[in-house]
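# Residue-level structure breakdown
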Amino acid sequence: MSDLPLWLAVLPLIGVGLWAWRRWHHPSFWLLVGFPITAVSVRASWRRIALGCGLTKKRQRWWFTTVPGLVASTGIVKVKRRFQRVAVDTKPFMWLPLPTRHGWRVTVHTLEGQTPGDYADAAERLAHSWGVHAIRVSSPGPGRVVLAATMRDPLVTVDQLPPSTDLLKVTVGRLETGKPWVIDFRTVPHWLNAGATQSGKSNLANALIVGLSPQPVALVGIDLKGGVEFTPYAPRLSALATCRDEAGRLLDDLVALMLDRMGVCRQASARNVWQLPPVLRPVPVVVLVDELAELYLMADKSEKDEIAKTSTALLRVAQLGRAFGIYLFCCGQRIGSDLGPGVTALRAQCSGRICHRVNDPETATMTLGDLDPAALASARAIPAETPGVAIVAGQDGQWYRARSFYVSEQTAEHAAHTHAHLTSPWAEITAHLPEQANA
Ligand SMILES: Nc1ncnc2c1ncn2[C@@H]1O[C@H](COP(=O)(O)OP(=O)(O)OP(=O)(O)O)[C@@H](O)[C@H]1O
Ligand SMILES: [Mg+2]
């Protein structure tokens, strides 16, 4: 009793100390204080939460039960204990949780008849039950799922990372796991970058301009917003098309360039430009397209042939470009099948998918539809207050939430001017092509 005043003085001091530690160095606080408490409570609550989220199964078990039995001669009711088969709720086995940068993760063994999809369906309920920002479900192997919890949205602020120095590789942001978000054209040659207006598509294109400008690559812009987005970067662009007409001619050039490179590879018995000896190896070309839908929109029937021609050229570049060092990065607000079969075919060739916040479910479905349905749900849940947040199909076949670094137009413009001397003029790149290619 006499210690009470002492405790009343010490407890607030401990509280203030913990608060200060958490503010001063959150990772160590999380590892030594926050995580152990969380891990114990996750394990302790698993049965209750698995039951509430529908992840348990009824199993027959032998159990000691008490049954009332009537003794006929005396009419007295006697309680008997005996072994009996009863159905009990069994929870999936859970390993010990492990700490991660933004929360924790734990491996769970699925029960018979369960799939990772059952856990993905319950992810939101699990997140609410454990009071965390989100639960992501992945499956490292048959019969096992990993539940990864993030305590807070790690994408509210993302700190810069050093730029990548590898050819055709750009670090454009961070994944929710804390790892760098890298766009590597040599691994994934063609990309679809979809999103509603103000969702962060051009910011990502700016990040590519900044990342690729110092590299020995030719940048080509097709800006169907009348050139307002890419014209400031013209000093670092080898060619820029600002309307459909110009885009058509530029795509014809690209197809001719591709066919020419095909011939060079054939003569040198190389399967792609990277197998050519360095003296013969042509400069890689990255084509940035903004407002993709404008290439396909038809005001009247007279435009049908022109659209078909442009769309076929773009598709040919997408189909064969990778081997011949031509890469596509296509941005658009809407990428729906109603734009025509050309878009659907293009989508099939673009294995890199980025889906920012979208207005229509179809764009999300077109961009991410062949991934996990949970990716679609996550894309639709991106709030407007966090531009630059996107769902990204990773090179490992998984999908991630990610956020690009903020790259202002001024920064991209500055990079384009600084590295203008690296720009190969389009006339030089296409000099040896047949006449029609030099339009
Ligand atoms: N990663 C980011 N971090 C912080 N702010 C961002 C980020 N990405 C974009 N923004 C902000 O959001 C605004 C809209 O971004 P952006 O111009 O890239 O959108 P958009 O999708 O290209 O829109 P539109 O379709 O209208 O061209 C920008 O002005 C920028 O300030
Ligand atoms: Mg834009």
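Residues numbered from 1 in each chain as written. Chains lettered and ligands numbered in written order. Predicted model: local features only at pLDDT ≥ 70, side-chain atom pairs only at ≥ 80, totals over all residues. Heavy atoms only, no water.

### A short note on the packing of aromatic side chains
Tallying each qualifying case throughout the model produces 7 aromatic pairs. Between Trp21 and Phe29 the ring centres are 5.5 Å apart and the planes differ by 85 degrees, which places this aromatic pair in the edge-to-face class. Note on Phe29: relative accessible area 11%, which makes it buried. Between Phe185 and Tyr327 the ring centres are 6.1 Å apart and the planes differ by 45 degrees, which places this aromatic pair in the tilted class. Taken together, the positions of Phe185 in the loop between strand S9 (180-184) and strand S10 (190-194) and Tyr327 in strand S14 (residues 326-332) put the pair 142 residues apart, joining distant regions of the chain. For Phe185, a relative accessible area of 0% puts it in the buried group. Taking relative accessible area as the criterion, Tyr327 reaches 1% and is therefore assigned buried. Every member of this aromatic cluster is reached through a ring pair, and the members are Trp46, Trp104 and Trp130. (Phe/Tyr/Trp six-rings, centres within 6.5 Å; stacked < 30°, edge-to-face > 60°. Buried < 20%, exposed > 50% of the residue type's maximum accessible area, 1.4 Å probe, protein only. Helix = DSSP H or I, 4+ residues; strand = E, 2+ residues; numbered from the N terminus.)

### Here we look at the nonpolar core
Ranked by size, the top nonpolar core spans 46 residues in total, and within it Ile222, Val287, Leu292 and Leu346 carry the most contacts. A per-element tally of this core places helix H6 (residues 244-267) first, with 9 residues. Not counting residues within four places of it along the chain, the set of residues in contact with Leu346 comprises Leu292, Tyr296, Leu314, Leu315, Ala318, Leu328 and Cys330. In terms of nonpolar packing, the next biggest core, distinct from the first, is built from 33 residues, Phe185, Ala207, Tyr233 and Ile354 among them. (Core = buried A, V, L, I, M, F, W, Y, C linked by side-chain atoms within 4.5 Å. Contact = heavy atoms within 4.5 Å.)

### Concerning the side chain of Arg401
Relative to the helices and strands, Arg401 resides in strand S17 (residues 399-404). Among the polar contacts listed, one links the side chain of Arg401 to the side chain of Asp153, at a separation of 3.2 Å. Arg401 has contacts with His133, Arg136, Asp153, Leu155, Leu175, Glu176, Ser378, Val389, Ala390 and Ile391, leaving out every residue within four places of it along the chain. (Polar contact = N/O pair within 3.5 Å; in protein donor to acceptor, adjacent residues only side chain to side chain.)

### Comments concerning the side chain of Ser28
Within the secondary structure, Ser28 is located in helix H2 (residues 26-52). Within the local environment of Ser28, its side chain forms a polar contact with the side chain of Trp21, the two groups lying 3.0 Å apart. Within the structure, the side chain of Ser28 is placed 2.8 Å from the side chain of His25, a separation counted as a polar contact.

### A word on the sheet that holds strand S12 (residues 237-241)
The mixed open sheet is built from 10 strands, whose spatial order is S9-S8-S17-S16-S15-S10-S14-S13-S11-S12. The open sheet has two free edges, formed respectively by S9 and S12, since each of these has just one partner strand. Strand-to-strand twist across the sheet, computed as the mean angle between neighbouring axes with direction ignored, equals 25 degrees. Alignment of strand S13 (residues 285-290) against S14, held across 5 bridges, turns out to be parallel. In the sheet register, Val287 faces S14, and the bridge partner there is Leu328. Sitting on the sheet, helix H10 (residues 373-380) touches strand S15 (352-355), strand S16 (389-393) and S17, and the angle it makes with S17 is about 25 degrees. (Pairing = 2+ DSSP bridges. Axes fitted to C-alpha atoms, helices over the stretch in contact; angles between N-to-C directions.)

### Remarks on helix H4 (residues 123-130)
Within the sequence span of H4, burial applies to Ala123, Leu126, Ala127 and Trp130. Take H4 and look down its axis: the buried residues cluster within an arc of 100 degrees, on one side only. Those residues of H4 that are exposed and aimed more than 90 degrees away from the buried face are Glu124 and His128. Packed against the buried residues of H4 are H2, strand S3 (93-94), strand S5 (103-109), helix H3 (116-121), strand S6 (134-141) and strand S7 (144-150). Among the residues trailing H4, Gly131 stands out with phi positive, at a value near 65 degrees. (Arc of directions from axis to C-beta.)

### Concerning the domain arrangement of the protein
Once the domains are mapped, the protein shows domain 1 (57-90), domain 2 (93-152) and domain 3 (169-438). One C-alpha centre belongs to domain 1, the other to domain 3, and the line joining them spans 70 Å. (Domains from an automatic or database assignment.)

### Topic: the packing of helix H5 (residues 201-212) against helix H11 (residues 409-418)
Where H5 contacts H11, the two axes come as close as 9 Å, and the packing angle between them is 25 degrees. Comparing the axis directions of H5 and H11 gives the class roughly parallel. When the axes of H5 and H11 are compared, the crossing they make is left-handed. Along its contact with H5, which presents Asn206, Ile209 and Val210, the element H11 presents Glu409, Thr411, Ala412 and Ala415. Of the residues assigned to the contact of H5 with H11, the class counts are 4 nonpolar, 2 polar and 1 charged. (Parallel < 35°, antiparallel > 145°, perpendicular 65-115°, else oblique. Left-handed = near helix turned anticlockwise from the far one by under 90°. Nonpolar A, V, L, I, M, F, W, Y, C, P; charged D, E, K, R; others polar.)

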